[in-house]
Structures are given as C-alpha cells and as structure tokens.
Amino acid sequence: MKYAKVLESGAIQFVMETASAPPDYLGFKKVPAEVTPETHWVLNDSVVAYRSDNYKNIPSYPCNWCPRTETWQDARDISELLSAKLIEIEKERDRRLNAPIEFSEISVDADSNSQLNITTKLRELVVAEELGVTIAAEDLFWRDSNNQNQVFNSVKEMKTWLQGLIGAISARTTAIYSWSWQMKQKAREARDTAEVSAVTWQ
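Residues numbered from 1 in each chain as written. Predicted model: local features only at pLDDT ≥ 70, side-chain atom pairs only at ≥ 80, totals over all residues. Heavy atoms only, no water.

A. How the structure looks around the overall build of the protein chain. When its secondary structure is counted, the protein chain shows 4 helices and 11 strands. Principal axes of the C-alpha set define a box for the protein chain whose edges measure 95 × 35 × 20 Å. Here the protein chain holds 202 residues, and the buried ones make up 33% of them. Considering only contacts in the protein chain between residues 6 or more positions apart, those separated by 24 or more positions represent 46%. Roughly 12,800 Å² of accessible area belongs to the protein chain as shown, and the carbon and sulfur atoms make up 51% of that amount. (Helix = DSSP H or I, 4+ residues; strand = E, 2+ residues; numbered from the N terminus. Buried < 20%, exposed > 50% of the residue type's maximum accessible area, 1.4 Å probe, protein only. Contact = heavy atoms within 4.5 Å. Areas by Shrake-Rupley, 256 points an atom, 1.4 Å probe, with all protein chains shown as cover.)

In structure tokens, the structure reads:
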C-alpha cells in the first residue's frame, strides 16, 4: 500500500510503500500508486492532480510549495531577499552595460574593451588630422558586432561617427545607471517580501 505524508497546505511531502497503515495522527493518507509529491496534492481529503509541472522548477533559494497556485513561494526573510535583489539588479545592469549598442542602424560592441578601442581609434584619427598624416582608405573601417566591416569615405567621416558612438554609449550608460539606482531605491523601500520580489527591470 502507498501512503502520502500530507502537509497542512495539502501539499504532499513524500510518499512511502508500507504493508501497514501509519497512525492517523502522523498525517498520512492512503493514495493511489501513481501519486507523487510532484504530480498530486490533497484538497478536502481528495487527491487532486496538478494542472502544471511547475513543481519540477524548484528555485535555488529557500522556498515553499503552494499547491493551490502551483507555484514556489519565496521563503527568505526580507533582508535576505533584498540582498539577493540588489545583486540581481547589479548583474542586469552590468549585462546591459556590456551589451552591443545600436548606433546609426548598426550593432556595435560596447563593452569596456570595445570602448577603449573606440577611444584609441578616435585619438589616432584626431592626431593624424592635426599632423596632416594620411591614413590609407583601407584602414577607414570599423568592425561591427556582426563581424561586418563598416567602411568610411574619409577620416572626418569616421571621426564624426566615432564621436557620435561615444556619445551614444555615454548616454546609454547614464540611463542604465539611473534605472539601477531607482530600482535599488524601490527595493529598499519595499515593505514586505512580495514588494521586493515585484521589483523588476523595466
């Protein structure tokens, strides 16, 4: 015979096979052979199958299973959740800061190394222009994030384009940091765990 240990919520904690029935006060219920904690729960003393397979997607942080909503609910206290949320915001901030940027309908790498390359190339063009040094036409290109060369007709054209690219990256960086500061502040002002969890990048 198969018995399930049923929690107050109706969730099944575990099942076991035994030849004799466990004492009633231990909270066990006789169930069909196919019942598992992942697939069924108990409602009004009846075994009910879940409509989804959400049980399998257990988060890595402490949580409790709610059989009525078929969701894992965060069991961390507000201080733990806040710390995790701030780290989450910073990771998303850094991901966006290092993502390619769309400029002049071109996708361009904009991580820290790429920004250094952009600045270096712009400085090279400025110095060449000031000293009257000729830069070969085949060197007037920039490789985009799709590994395609974007070709320029003159030093002035490429210099103007790089200056605009630097401005676009700077504006995006300011916007990303501004959003991250706002979200951190919103998370810190949350009154409970639900409000902390509700803070997401928009």
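B. View of unusual backbone geometry. Of note in the backbone geometry, Glu70 takes a positive phi value of approximately 55° without being a glycine. Looking at where Glu70 falls in the secondary structure, it is placed in the loop between strand E6 (63-66) and strand E7 (71-74). In this structure, Asn147 takes a positive phi of about 60° despite not being glycine.

C. Expanded view of the pairing of strand E5 (residues 46-49). As judged from the 4 bridges shared by strand E4 (residues 40-43) and E5, these two strands associate in the antiparallel manner. Residue Trp41 lies in a different strand from E5, and its bridge partner there is Val48. Taking the residues that link successive antiparallel strands as the turn, the E4-E5 hairpin has 2 residues, and the phi of Asn44 there is positive, at about 50°. (Pairing = 2+ DSSP bridges.)

D. Geometry of the pairing of strand E2 (residues 12-17). Of the strand pairs in this sheet, strand E1 (residues 2-6) and E2 are connected by 5 bridges, and their pairing is antiparallel. Bridging from a neighbouring strand, Tyr3 pairs with Met16 of E2. Hairpin connection from E1 to E2: 5 residues lie between these consecutive antiparallel strands, with Gly10 at a positive phi of about 100°.

E. Focus on the sheet that holds E2. Strand order in the open sheet formed by 3 strands is E2-E1-E3, and the pairing between neighbours is antiparallel. At either margin of the open sheet sits one strand with a lone partner, and together these are E2 and strand E3 (28-30). The average undirected angle you get between the axes of adjacent strands in this sheet is 30°. With 3 bridges connecting them, E1 and E3 associate as antiparallel partners. For Lys5, the partnering residue across the bridge sits in E3 and is Phe28. (Axes fitted to C-alpha atoms, helices over the stretch in contact; angles between N-to-C directions.)

F. Up close: the confidence of the model for the protein chain. Summing up the model confidence of the protein chain, the mean pLDDT is 93 and the portion of residues at 70 or higher is 100%. Here helix H4 (residues 193-197) stands out as the element of the protein chain with the lowest mean pLDDT, 89, in contrast to strand E8 (residues 101-103), whose mean of 97 is the highest. (pLDDT = per-residue confidence, 0-100.)

G. Representation of the pattern of salt bridges within the structure. All chains considered together, the criterion is met by 11 salt bridges. Linking Glu88 and Lys85 is a salt bridge whose minimum nitrogen-to-oxygen distance equals 3.3 Å. Here Glu88 pairs with Lys85, and both are found in helix H1 (residues 78-97), just 3 residues apart, close to one helical turn. The partner of Glu90 in a salt bridge is Lys184, with the nearest N and O atoms 2.8 Å apart. With Glu90 in helix H1 and Lys184 in helix H3 (residues 155-188), the pair connects residues that are 94 residues apart, well separated along the chain. Residue classification places Glu90 among the partly exposed positions, given a relative accessible area of 30%. Overlapping salt bridges bring together Glu92, Arg95 and Arg96 as one network. (Salt bridge = Lys/Arg side-chain N within 4 Å of Asp/Glu carboxyl O.)

H. Geometry of the nonpolar core. In this structure, Trp142, Trp161, Leu162 and Leu165 are the most contacted members of the largest nonpolar core, which totals 19 residues. Put simply, the parts of the chain that give this core at least two residues each are E8, strand E9 (106-108), helix H2 (112-131) and H3. Broken down by element, the residue count for this core peaks at 6 residues, all from H3. Among all residues touching Trp142, those that are not within four sequence positions of it are Val108, Asn117, Ile118, Lys121, Gln148, Asn149, Gln150, Phe152, Met158, Trp161 and Leu162. (Core = buried A, V, L, I, M, F, W, Y, C linked by side-chain atoms within 4.5 Å.)

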